[in-house]
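The residues making up each chain are set out below.
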Amino acid sequence: MGVSSVIKTKTQGKNYVNAFASAVAAISRAGEDLTARVLEMLVSDFDAARAELWLWDASSGSCYLTHAQGMSAMHRLDYAAAGAGAVGKIAHNKTTIENIVLSTFGGDDLEFSRQTGLTHISGYPLLAAGQLAGVLAIYTTSEVTEDLLVWWRLYSEMSAAKLNNVLATQEKDKRINQLSLLFEATRMLNSTLDLPELLELILKIARTEVKAERGTVFLADNKRKELWSIAASGLDHQEIRIPFGKGIAGQVAVSGELVNTDDAYRLEAFDPGFDQRLNYRTKSLLSLPIKHHSGEIVGVLQLLNAQSGKFSADDVGFLNKLSGHMAMALENAQMHRDTMEKQRMERELSLARSIQHRLLPEGPPVVPGYDIAVLSDFCFDVAADYYDFINLGPQSLLLVSAEVQGHGVSSALIMANLQATLRALVMHLHSLEVLAFSLNEMLYTYTKAGKHLSVFLGLVDTRKNVLQYVNAGHIPPILVRGKTGEIKLLEEGGTVIGLFPQVDYTRGSVKLEKGDVLVCSTDGILHISDEQKHEYGPKRLADCVRRNRERSSQGILDAVLAEVSAYSTASMNDDDKVLIVFKVTADKEAVVENTKNSN
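Residues numbered from 1 in each chain as written. Predicted model: local features only at pLDDT ≥ 70, side-chain atom pairs only at ≥ 80, totals over all residues. Heavy atoms only, no water.

1. Thoughts on the pairing of strand S1 (residues 50-57)
A large share of S1 lies buried, amounting to seven of its eight residues. For S1 and strand S6 (residues 131-140), the ladder comprises six bridges, and the chain directions are antiparallel. Within S6, the residue paired with Leu53 across the bridge is Leu136. With eight bridges joining them, S1 and strand S2 (residues 62-70) adopt antiparallel strand pairing. Counted as the bridge partner of Leu53 is His67 from S2. (Buried < 20%, exposed > 50% of the residue type's maximum accessible area, 1.4 Å probe, protein only. Helix = DSSP H or I, 4+ residues; strand = E, 2+ residues; numbered from the N terminus. Pairing = 2+ DSSP bridges.)

Below, the structure written as structure tokens:
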């Protein structure tokens, strides 16, 4: 279609003929910023929601976004390799696209469309003498008419000719050089996943290109509401932490607005203490946010004392273009660091679990006249439940069952401390009440009233079949009489260990008979629930033991586990579980009497 036929075209809403005439006159005027003006008029006079100019860099085989007008928006990447996405395909094929649904290109274009509501793209390769200078991209929120597309085609042809003249000058070399520099900087940022090395690299790129004396890269710690850094060029490497909102960098982290001044001391938020401590004088200062393509601020780049006396608009422009790439590189490096730290923690926890399990008995002891079975099922890397059997002599066995409040490493450390403390005290104390009192005092001091634990201490006189015990806030062990099935709960004792100082404990005592079964449990067994959230509880446990009391200790334990497993419809691996079954298999008094008679 020729110019005359275009002029005759009837358009709706605007007089595009007059607009085009004005555009020709404006673009032809010398001294005007041509690239910016081309885009401004597309938005103001030719109904583009957003217009972008992407300049072609042959050395990198990519287009770089240099100017944009209209709706505010941000691409995840401000460059497009030939053939990649809408802009890259236009550059690669040197062909026009019009009224294309942006999301059909997928990837970054799909994300850009979702975030902005710009649904359609029309793109025009800017060609002069067959050579590609760049791509003119026009975005709209809906499909446009054929009449408007005619004017866009004509406008792009005129712009290509004019832009080629401008870009053929030294200005073109300057822009392309900056684009190549940006490409190289992006390549360098993607060359490492080591966070300290990346921070150093960002500073090196920034200070080299904008020629600053010193600089710091701060990372945003959103959980602690702080900026922190381990890289400060020109200073000794030391960790720096600044609360959000404090100082220039702290304010930039909150506002997202850059600060550029040739006299830092004029700024109210500037802290001169830095200069005073280091015998330094800050003059010019540039502090700008490092933003992810989503707009999230991931850090702040702060540069001091530009060699020229002030940081220029070109400096700011270069760093703003680099900001998204810095953010992505930092995000990848932090994810890598977190992954490595998680793997290290997993290795250490695995080692801790191995060590902790070695501290527990390998199996129940063999005691003549008794049958003992134990279940220890720990669902976490380190356990907060504890059991032990300690021989205090040829005829004395101390049975221990304990549970620390909570889960995780801190609870496991309390458990390990209990074990060490108990084994140290038990060799010197011969009273269960004093033993419980001493444990409480030591644990209270150690934990500073932070965590507490419950413990059952049962001292069995294997010669007389007598059990003396102290229950310090533990789930009461169940004693099932072998002859009658009568159930007795061993509750005598006192409160939990480590919560209050100067606690007195009392001792209970029971005579054991042949066939009696003692069961000690932690709440991992009792708190298992059914579909209605009803817990298994001590009553069901006692009934199960009573029904199966004729079986061996292992048989009783297996019966309990089978019943618990059938009772619960959910996973049984969400809490530590300890179950001790202690069965009397011989009447000791009768054995002693028979021995006397035989003599």
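Read on for the rest.
2. Describing helix H5 (residues 107-116)
Helical geometry: 3.6 residues make up each α-helical turn, so side chains three or four residues apart lie on a common side. Along H5, the positions that sit buried rather than exposed are Asp109, Phe112, Ser113 and Thr116. Across the axial projection of H5, the buried residues extend over an arc of 100 degrees, all falling on one side. Turned more than 90 degrees off the buried face of H5, the exposed positions are Gly107 and Arg114. Check the buried side of H5 and you find it contacts S1, helix H4 (85-93) and S6. Looking one or two residues past H5, Gly117 carries a phi angle of roughly 80 degrees, positive in sign. (Arc of directions from axis to C-beta. Contact = heavy atoms within 4.5 Å.)

3. Here's the deal with the environment of Arg114
Considering the arrangement of structural elements, one finds Arg114 in helix H5. Taking the relative accessible area as the measure of exposure, Arg114 reaches 67% and is therefore exposed. As for Arg114 and Ser103, which are separated by eleven residues in sequence, their C-alpha atoms are 8.1 Å apart.

4. Structural notes on the packing of aromatic side chains
The geometry of an aromatic ring pair is captured by two quantities: the separation of the ring centres and the angle between the planes. Under the criterion given, the structure shown has ten aromatic pairs. Joined through ring pairs, the aromatic side chains of Tyr16, Phe20, Phe46, Trp151 and Tyr155 make up one cluster. A cation over an aromatic ring shows up here: Arg214 above the ring of Tyr280, its NZ or CZ 4.1 Å from the ring centre. (Phe/Tyr/Trp six-rings, centres within 6.5 Å; stacked < 30°, edge-to-face > 60°. Lys NZ or Arg CZ within 6 Å of the ring centre and 35° of its normal.)

5. Describing the pattern of salt bridges
Side chains that differ in sign of charge can pair as their charged atoms come close. Overall, the coordinates contain 13 salt bridges when judged by the stated rule. Ionic pairing is found between Glu52 and Arg50, a salt bridge with its closest N-O pair at 2.7 Å. By relative accessible area, which is 5% here, Arg50 ends up buried. A salt bridge links Arg266 to Asp263, with the nearest nitrogen and oxygen atoms 3.9 Å apart. Each of Asp221, Arg224, Glu226 and Arg241 takes part in one network of salt bridges that share partners. (Salt bridge = Lys/Arg side-chain N within 4 Å of Asp/Glu carboxyl O.)

6. Overview of the side chain of Arg50
By secondary structure assignment, the location of Arg50 is in strand S1. Looking at Arg50, its side chain comes within polar contact range of the main-chain oxygen of Met71, at 2.8 Å. (Polar contact = N/O pair within 3.5 Å; in protein donor to acceptor, adjacent residues only side chain to side chain.)

7. Some thoughts on the sheet that holds strand S19 (residues 478-480)
Reading across the sheet, the five strands line up as S14-S24-S23-S19-S20 and stay open at both edges, with antiparallel pairing between neighbours. A single partner strand is all that each edge strand has here, and the edge strands are strand S14 (370-377) and strand S20 (487-489). Mean inter-strand twist for the sheet, computed between neighbouring axes without regard to direction, equals 15 degrees. Looking at chain direction, strand S23 (residues 517-521) and strand S24 (residues 577-584) are connected through five bridges and run antiparallel. Its bridge partner being in S24, Ser521 is matched across the sheet by Leu579. Contacts from helix H15 (residues 537-547) reach S19, S20 and S23, with the element oriented near 30 degrees to S19. (Axes fitted to C-alpha atoms, helices over the stretch in contact; angles between N-to-C directions.)

8. Overview of the confidence of the model for the protein chain
Mean pLDDT over the protein chain stands at 79; residues scoring 70 or higher make up 77%. Put simply, helix H1 (residues 3-8) is where the protein chain has its lowest mean pLDDT, 39, and S19 is where it has its highest, 96. Confidence over residues 1-13 falls short of pLDDT 50; this stretch has twelve contacts with residues more than four positions distant or in other chains. (pLDDT = per-residue confidence, 0-100.)

9. Things to note about unusual backbone geometry
Not every positive phi belongs to a glycine, and Asn305 is a case in point at roughly 60 degrees. The class of Asn305 is buried, set by a relative accessible area of 6%. Notably, Gln502 is not glycine yet its phi reads approximately 55 degrees, a positive angle. One can find Gln502 in the loop between strand S21 (493-494) and strand S22 (508-511). Of the residues examined, Gln502 reaches a relative accessible area of 57% and is grouped as exposed.

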